[in-house]
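Structural features, examined
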Amino acid sequence: MHGCCRYSTSYRMMLATCSVLTKGLILWLAFIVFLLPVYSQDTQEITEPPQAPEAETTPTVPPPGETVSIPGQPGETPHAPSEPPTDYEPTPGPTVDITGGVTVPIDENTLQLNADFWRADFEESEAVLIVARGNVQARYRNFTVTSDQARADLRTRIAEFRDNVVLEVDGVQATGAALVINLDTREWQFDTAYSEIQPQIFPELLRAPVFLSGGSVSGEEDDIFRVVEGGFTTCNLEDPHYFVSTGIVTLWPERKLIARDATFFALGRRIFRIPRLAIPLSQLRERQNLTPRVGQTQEEGFFLKAAYSYAATLRHSGNAKLDLMTRKGIGIGLEDNYNINWGLGNLFLYYLADRNRNLNTLTGRWNHSYNIGTISANITSDYRSNSFLYAPETSTWANELRLSRNREAAATNLSVRQSTDHGFGTFSILTSSLQHSQSFGQNSSANVNLEFFSSESPLTVGDQTVNGINSQLVTQLDYSRRDERFDWNLRINKINDLSNEAFISQAGTRFAGIERLPELELTTTSERLNNRTLFGVPLRLNLAVGQYRENFGRTETERLVADIDMPSRVFRLNDKLNLTTGAGFRQYLYGNNTAQFSLDGIADLSYRLGNNSSASLSYRFLRPRGFTPFSFDFIGNYNIINARLNVQESPKLRFSLFTGYDFERDQSPWQDISTRIAYTPSDRYLIYASTGYNLNQSEWRPLINQFRVRLPNDFRLDIGSRYDIERGRFASIKTQLDVPISDKWRIRANTGYNGFTHDFDYTNIQIVRDLHCWELALTYVDQQGFWDEKGIRLNLRIKAFPIFDSFGVGQFGQALDTSVGEVL
């Protein structure tokens, strides 16, 4: 059917009816690594740790026993002990020595014990005391404990483990003298604790083991914990090169860590003491400047950057920042996190009198969240003025308010955002959104969405400058219901243009969109319609009818769409050959006496050449016929066949080849012949190459290469290049090198060459001296980009923690790797 297609009056009648989102950090990071995996985000004040009851005289227990399970909440019926052997006579009275036992499946309220010998005391047929000795093993929630002795008093709800205690949580082990757990409150306390954390447990946070010790560690299940008189080192010597001791450390997982009285010792001497330190854990990966940094760059000159914790409590933590720079001047700032009665949030401020540009720089961010009854509110504000990292000689201010309310069957969200930019003129944007969703039982729901957008900018009209306002309001209503045979949806979309005459006359263009006034859609499958199929093939059916308006009324008419789709099916022709097919038909009828239809189909033929090799042909077809008055109904043509070859019979060699042909294109019908090859002669070497050949233009695509070397002495080399075959030159070359030159010294370097500018985008070289558990790094930096950065930095760091190693990071925090793109 070509051109305009007319249809009967009955069609027209049917359509017409439907028109209606400081170095103390090292110590605290170690404690995070120790216990972080078992903590959640909810926090509350920590109470006094549970106290163990006074020790009783160890009872006389007969040989071997087995298991007892203790309910974790009062009021539950305890499990009776197993029957004793036939030759055993129990001791008269309330105390029963047990040589058998029962095994009860663990749940979250059960403590399970297993030991060589154990005894149970009963009162009125209920167990009140359990005592175990020898190879004690216990599981309680996510804790696994072994010890020499254990005692569980069900009257006080206290379980106590003593002598050679080993606590394991998610693969991390800690040893100590005694562990006490309150079965009701799930508070716990571990005395004289020691742990060794291996780097493979947390590969992103550790490069070497961390050795932890504490006078006592207490907490409330997995919400919060406190370490008293603790310490840490990453030095494995009997007399470590350094050791950090602390008075009290309190951790609220995923949120905050507060430390008091941290003292750093080196070579047996006290170096310095930090009275308090607050670390926002959620921002840890943003590389907070909590440790002093010294260096020199072209932009800043010689610099010293440091931070000081002026507040460190559960509900309030803050760090003051001071940057001394010989070229830019003095920068001061603060970062404050608070949790008060009327909400929680954080504030960041930074001020710099920039001597390089003779400008005053001010940057600020504020985020505050609070609840008003059942309504959650969030306010954010961001201000930047003359920031050389953002845009000098400009200022921006953005503010946003979000309100949300969630109930069992309904949710409402309101957001309002306003931003203003001052620079080459004044530009402002105001957006707001109101969304409400409502469920009516399990099968029906409704959604209402109102979105407003307005932008204001200066426009020149003749000799005058006026403000042009581009605004619109979009209203959307959606009601859906699922019945036994059909899913149906009723949609209404309405766009109101609120732009002023100055904008319309000067810009000439406005928002474009689709209006449904309204649309009714029905969806089903052949299985839901009494399992009716077409030649045994299941079908997906869709019917949509309504009144539509596009481009503010330039096109407006009725529309009916009928869609029949046959899902893909796989036919196994033999052991090596598979055929996959699918097809679809769509018919469009319009109220202006036009129509179009489209046919689509797929066919994939795959042949298995070996265990990991295959060859395949893929055919895709889409053919529309007729005419549509709506741009959103436009359907493209394609009639394409693709061929692919994948070979990987050896784990050392991978090869692929791909091409295709478009029958619809008279000019340039061929797709590029693309090939990729990867060769790994051993786990030490990798060679990769990919390129393509343009069959239509008879020219080569760029050649992409990757070369990688890994040697046993930690030698690492990566080279990535992009070579323009037609021009005979490199477009990009990137390298990374990490090579040891002795037992104590190593060199690291990375470079990026730009073939278009014939210059290096970046060159970084670092010389590292190994100091056993420490390392001293001298770094040369030369990076081009938004601003030129060139200088030398000196850094003394503990090498176990990669978070303090910023080598190989660009100006905006991006990784400087050897990626050079790919052949498409």
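1. Overview of the overall build of the chain
Scanning the chain for helices and strands turns up 3 helices and 45 strands. Looking at the chain as a whole, 42% of its 824 residues are labelled buried. Accessible area of the chain: about 44300 Å², with a carbon and sulfur share of 53%.

2. Here we look at the nonpolar core
By size, the foremost hydrophobic cluster in this structure holds 31 residues, and its most contacted members are Leu113, Val136, Phe161, Leu179, Trp188 and Phe190. For this core, the elements supplying multiple residues, two or more each, are β4 (117-123), β5 (126-140), β6 (143-153), β7 (158-169), β8 (172-182) and β9 (187-197). In this view, valine 136 contacts Leu113, Asn114, Ala115, Val145, Thr146, Ser147, Asp148, Gln149, Ala150 and Phe161; residues no more than four positions away in its chain are not counted. In terms of nonpolar packing, the next biggest core, distinct from the first, is built from 16 residues, Val210, Ala266, Cys773 and Phe801 among them.

3. Observations concerning the packing of aromatic side chains
Counted according to the given criterion, the structure contains 18 aromatic pairs. Summarising the aromatic geometry, the rings of phenylalanine 264 and phenylalanine 272 are spaced 5.4 Å apart at their centres and angled 5° between planes, so their arrangement reads as stacked. Residue class for phenylalanine 264 comes out buried when judged on its relative accessible area of 8%. For phenylalanine 272, a relative accessible area of 28% gives the class partly exposed. Ring centres 6.3 Å apart and planes at 50° place the aromatic pair phenylalanine 440 and tyrosine 479 in the tilted group.

4. Some details on the side chain of asparagine 386
The topology assignment puts asparagine 386 in the loop between β21 (375-385) and β22 (395-406). We classify asparagine 386 as buried; its relative accessible area is 16%. Within the local environment of asparagine 386, its side chain forms a polar contact with the backbone oxygen of asparagine 360, the two atoms lying 3.1 Å apart.

5. Looking at the pattern of salt bridges
Tallying each qualifying case throughout the model produces 37 salt bridges. Lysine 321 is paired through a salt bridge with glutamate 335; the nearest N and O atoms lie 3.5 Å apart. Of this pair, lysine 321 sits in strand β17 (residues 316-325) while glutamate 335 sits in strand β18 (residues 329-340), and the two are 14 residues apart along the sequence. This pair shows no difference in class: lysine 321 is buried, exactly as glutamate 335 is.

6. Details of the confidence of the model for the chain
Any segment with low pLDDT has predicted coordinates that should not be analysed in fine detail. For the chain, mean pLDDT is 79; residues scoring 70 or higher make up 77% of the total. The low-confidence segment residues 1-108 (pLDDT under 50) makes 280 contacts with residues lying over four places distant or belonging to another chain. Within the model, pLDDT remains below 50 along residues 284-288, and this stretch shows 15 contacts once partners closer than five positions in the same chain are excluded.

7. Topic: unusual backbone geometry
Residue proline 518 is reached from leucine 517 by a cis peptide bond, and omega for that bond is -10°. Of note, the phi angle at aspartate 163 is positive, near 70°, even though the residue is not glycine. Looking at aspartate 163, the relative accessible area reads 37%, which means it is partly exposed. For aspartate 714, which is not glycine, the phi dihedral falls at a positive 70°.

Conventions adopted
Residues numbered from 1 in each chain as written. Predicted model: local features only at pLDDT ≥ 70, side-chain atom pairs only at ≥ 80, totals over all residues. Heavy atoms only, no water. Helix = DSSP H or I, 4+ residues; strand = E, 2+ residues; numbered from the N terminus. Buried < 20%, exposed > 50% of the residue type's maximum accessible area, 1.4 Å probe, protein only. Areas by Shrake-Rupley, 256 points an atom, 1.4 Å probe, with all protein chains shown as cover. Core = buried A, V, L, I, M, F, W, Y, C linked by side-chain atoms within 4.5 Å. Contact = heavy atoms within 4.5 Å. Phe/Tyr/Trp six-rings, centres within 6.5 Å; stacked < 30°, edge-to-face > 60°. Polar contact = N/O pair within 3.5 Å; in protein donor to acceptor, adjacent residues only side chain to side chain. Salt bridge = Lys/Arg side-chain N within 4 Å of Asp/Glu carboxyl O. pLDDT = per-residue confidence, 0-100.

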